[in-house]
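Examining the three-dimensional arrangement
Below, each chain spelled out in residue letters.
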Amino acid sequence: MGNFYRQMRISSALLKRLQSHRRTVAAVNVSGSRSFTTTEGHRPTIVHKRSLDILHDPWFNKGTAFTMTERDRLDLRGLLPPNVMSSEQQIERFMADLKRLQLSARDGPSDPYSLAKWRILNRLHDRNETMYYKVLIDNIEEYAPIVYTPTVGLVCQKYSGLFRRPRGMYFSAEDRGEMMSMVYNWPADQVDMIVVTDGSRILGLGDLGVQGIGISIGKLDLYVAAAGINPQRVLPVMIDVGTNNENLLKDPLYLGLQEHRLEGEEYIAVIDEFMEAVFTRWPHVIVQFEDFQSKWAFKLLQRYRNEYRMFNDDVQGTAGVALAGLLGAVRAQGRPMIDFPKMKIVVAGAGSAGIGVLNAARKTMARMLGDTEIAFESARSQFWVVDANGLLTEARENIDQDARPFARKVKEIERQGLTEGAKLAEVVRQVKPDVLLGLSAVGGLFSKEVLEALKDSTSTRPAIFPMSNPTKNAECTPEEAFSIVGDHIIFGSGSPFDNVDLGNGHVGHCNQANNMFLFPGIGLGTLLSGSKIVSDGMLQAAAECLAAYMTEEEVLQGIIYPSISRIRDITKEVAAAVITEAIEEDLAEGYREMDGRELQKLNQDEIRTYIMNNMWSPEYPTVVYKKD
């Protein structure tokens, strides 16, 4: 990649060079620089409907913001109150209503305020998409946890009861043989991004069947808000192959197929047909796989990744964010990055997310050690994996094929005073790790006993990463971690937590290891580069960019991930890193007017300008009516 990880040497100069990605470059022309056409800019929108039809279409509806000339042009005069309001006035009115309606929108005392907020936002989404995304972008810190984790978990659990208006597409086992024609039922001729799930492992909540489409909708909301993907060119998808959730199978109100899940070749045939259908209609689309159970996540990733533009966020996105956190922890400990291969890491959880993190971290360690087979084998010894059956060793019967490379050698662990199946607390006590990483989906797994054992870590600043989602599945809370282990720790979680007041003016920073720091930039960078695949190098470049985003001062304070309020800038920088890597790997074929050869000529500032000019912003366009 031509950067400090691949060269295996870290210097302050190189670190500063990576951190220069943070610069915000104005989209202006200077002597010798190229100018670009703004493809997502202020161009008129041609519509083929008028009157009430356009008011009922959330893609084009502006509500009271339609100007008087537009009202005349679109036969709207008299259908709206006479006062034309600005988008700012509309949002001010909506925010006042939202605060007032939060209580009344709840379905009884047991219904949390977060779900009430989701309902109100969803109603806005149903009637005015532009305003919805403007509210989301302008209040991203407050509303990202509502449209995404943790509230999206509640939404998925209750989705059959919450369903009001269809959003996205549903492909089911009953649609076999029909999918190639079904894709033409979607009204958009161009789709840039699809997020697809089969509902088999929604967050840490298990099999939610067809209700899992909520996760696809939530992820795409973040693609629009963070990456500026045009909302008219995104498609949430649910592939319903049944459910093994007995409660849903018996629920008369459940909206999905009430039969057990397809397995084996029948299951694969359904996914194959879906992939062929969407890439036949939209050859340049990017498909993000989301919340597939572990036994299919890796298999499908390997099956499609060299043929289609696709990636799995649970395997590759989580891995990248976790890797950025691990590299940040090295920096926070005041150590040179080359020390990363020396870190001792205990991982709780051997599902798709856990194995994805292990693979990414191992590959990075191996590159730092010389990128040889010996280096790759040596890096293996830095990980201790604990699953539901305890410490994973080669003595275990029926080891999952994806986890096998991380099974400890029996003689090795015996020298450490451990055995096959050793409990997490005992492993932490004997290994004295630098990092305790949780991807188990077991809330409270990092018990007092486990955290007490971490106090003996050989690290001056041990890192604790309870990364499981939603919040109730977090392996521990920040209060538990700081109070038991000490004020000096580095803390990062999958779900959002408030910082901890440590007293005497000191703050325990609660970093959110949120996949939204990476997947929007990976998707946007892949789209704008025109790469036909999402390569390991592109994913690695994204993780490295995130790892270097924070300043040295921030990292030494224990802040290893940025604030979500900076998400569009982070996404722009990650996308730039992905595009640069695609160019270096000779994968970039360009996007729209920018072909691959022109893309190769751009310097870093011009790549950023190119990205910004292709990021959609929620501003009302001029609407022009044209007969079909």
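Residues numbered from 1 in each chain as written. Predicted model: local features only at pLDDT ≥ 70, side-chain atom pairs only at ≥ 80, totals over all residues. Heavy atoms only, no water.

1. Some details on the packing of aromatic side chains
Centre distance and the angle of the planes are the two values used to describe a pair of aromatic rings. Under the defined criterion, the tally for this structure stands at 13 aromatic pairs. A centroid spacing of 4.9 Å and a plane angle of 75 degrees characterise the contact between tyrosine 132 and tyrosine 133, whose relative ring orientation is edge-to-face. Taken as a pair, tyrosine 132 and tyrosine 133 share a single burial class, namely buried. When the ring of tyrosine 267 is compared with that of tryptophan 296, the centres are 4.3 Å apart and the planes differ by 20 degrees; the resulting orientation is stacked. Of this pair, tyrosine 267 sits in helix α13 (residues 264-281) while tryptophan 296 sits in helix α14 (residues 294-304), and the two are 29 residues apart along the sequence. Classification of tryptophan 296 by relative accessible area gives buried; the value is 5%. Directly above the ring of phenylalanine 376 sits arginine 362, whose terminal nitrogen or CZ lies 3.9 Å from the centroid. The side chain of arginine 362 reaches across the aromatic face of phenylalanine 406, ending 5.6 Å from its centre. (Phe/Tyr/Trp six-rings, centres within 6.5 Å; stacked < 30°, edge-to-face > 60°. Buried < 20%, exposed > 50% of the residue type's maximum accessible area, 1.4 Å probe, protein only. Helix = DSSP H or I, 4+ residues; strand = E, 2+ residues; numbered from the N terminus. Lys NZ or Arg CZ within 6 Å of the ring centre and 35° of its normal.)

2. With respect to the pairing of strand β10 (residues 435-438)
Both faces of β10 are covered, namely the face carrying Val435 and Leu437 and the face carrying Leu436 and Gly438. Sheet topology places β10 next to strand β11 (residues 463-466); four bridges connect them, and they run parallel. Its bridge partner being in β11, valine 435 is matched across the sheet by alanine 463. Assessed by its sense of winding, the connection that carries the chain from β10 through helix α20 (residues 448-454) to β11 is right-handed. (Pairing = 2+ DSSP bridges. Right-handed = clockwise from strand over helix to strand, strands pointing away.)

3. A closer look at the environment of asparagine 122
Within the secondary structure, asparagine 122 is located in helix α5 (residues 113-127). In this structure asparagine 122 comes out as buried when scored by relative accessible area, which is 15%. A C-alpha to C-alpha distance of 9.6 Å links asparagine 122 and arginine 164, two positions 42 residues apart in sequence.

4. Overview of the sheet that holds strand β9 (residues 390-391)
Here we have seven strands laid out as an open sheet, ordered β9-β8-β7-β10-β11-β12-β15, and mixed in their pairing. Each of the sheet's edge strands pairs with one partner strand only, and the pair in question is β9 and β15 (510-512). As paired strands, strand β7 (residues 345-348) and strand β8 (residues 383-387) are joined by four bridges and run parallel to one another. For valine 346, the partnering residue across the bridge sits in β8 and is tryptophan 384. On the sheet, helix α15 (residues 313-332) packs against β7, β10, β11 and β12 (490-493) and is oriented at approximately 155 degrees with respect to β11. (Contact = heavy atoms within 4.5 Å. Axes fitted to C-alpha atoms, helices over the stretch in contact; angles between N-to-C directions.)

5. Overview of empty space enclosed by the protein
For the structure shown, the criterion picks out two cavities of 30 Å³ or more. Computed from the structure, the largest cavity encloses a volume of approximately 210 Å³. Lining of the largest cavity is provided by 19 residues; of these, Trp118, Asn122, Tyr159, Arg167 and Ile217 occupy positions nearest its centre. For the lining of the largest cavity, the elements supplying multiple residues, two or more each, are α5, α8 (151-157), α9 (159-162) and α11 (213-227). Here the element with the most residues in the lining of the largest cavity is α5; it accounts for five residues. (1 Å grid on protein atoms, 1.4 Å probe; cavity = no way out; pocket = protein on both sides within 12 Å on 5 of 7 lines; lining within 4 Å. Points joined across faces, edges and corners; volume = space filled by probe spheres on them.)

6. Side note on the environment of isoleucine 560
Topologically, isoleucine 560 is positioned in the loop between α24 (552-556) and α25 (567-584). The class for isoleucine 560 is buried, based on a relative accessible area of 2%. Residues isoleucine 560 and glycine 492, 68 residues apart in the sequence, show an inter-C-alpha distance of 8.2 Å. When residues no more than four places from it in sequence are discounted, the contact partners of isoleucine 560 are Gly325, Gly328, Ala329, Ala332, Phe465, Ile490, Asn511 and Met550.

7. What to know about the UniProt feature "active site" (unreviewed entry) in the protein
When the UniProt feature table is mapped onto this chain, "active site" (unreviewed entry) is found at Tyr148 and Lys219. A maximum C-alpha distance of 6.7 Å places the annotated residues, which cover 72 residues in sequence, within one compact spot. Looking at the element boundaries, tyrosine 148 is found in the loop between α7 (140-147) and α8. Not counting residues within four places of it along the chain, the set of residues in contact with tyrosine 148 comprises Lys219, Leu222, Asn514, Asn515 and Phe519. One can find lysine 219 in helix α11. Residue class for lysine 219 comes out buried when judged on its relative accessible area of 0%. (UniProt positions renumbered as here; feature names shortened; annotations may be inferred.)

8. Let's talk about a positive patch on the surface
A cluster of basic residues, Arg93, Arg123, Arg127 and Arg164, forms a positive patch at the surface. With respect to the element layout, arginine 164 can be found in the loop between α9 and β2 (169-172). (Patch = residues over 30% accessible without salt bridge, like charges linked within 9 Å, V, L, I, M, F, W, Y side chains within 5 Å. Areas by Shrake-Rupley, 256 points an atom, 1.4 Å probe, with all protein chains shown as cover. Salt bridge = Lys/Arg side-chain N within 4 Å of Asp/Glu carboxyl O. Lys, Arg positive; Asp, Glu negative; His and termini not counted. Charge placed at Lys NZ, Arg CZ, Asp CG, Glu CD.)

9. What to know about unusual backbone geometry
When glycine is set aside, most residues are seen to have a negative phi, and most peptide bonds are trans. Omega for the peptide link from threonine 149 to proline 150 comes to 10 degrees, which places this bond in the cis form. In this structure, proline 150 sits in the loop between α7 and α8. With an omega of -10 degrees, the peptide bond running from asparagine 469 to proline 470 counts as cis. Mapped onto the elements, proline 470 comes out in the loop between β11 and α21 (478-485). The phi angle at asparagine 504 is positive, at roughly 55 degrees, despite the residue not being glycine.

10. Let's talk about the nonpolar core
Counting residues in each nonpolar core, the largest one holds 166 residues, and the members touching the most others are Ile194, Phe274, Met275, Val287, Phe289 and Phe340. Per-element tally for this core: the top contributor is α15, with 11 residues. Residues within four places of phenylalanine 340 in sequence aside, it is in contact with Leu323, Leu326, Leu327, Val330, Ile345, Ala361, Thr364, Met365 and Met368. Core analysis: the next-biggest nonpolar cluster, separate from the first, contains 31 residues, Val346, Val386, Leu418 and Cys510 among them. (Core = buried A, V, L, I, M, F, W, Y, C linked by side-chain atoms within 4.5 Å.)

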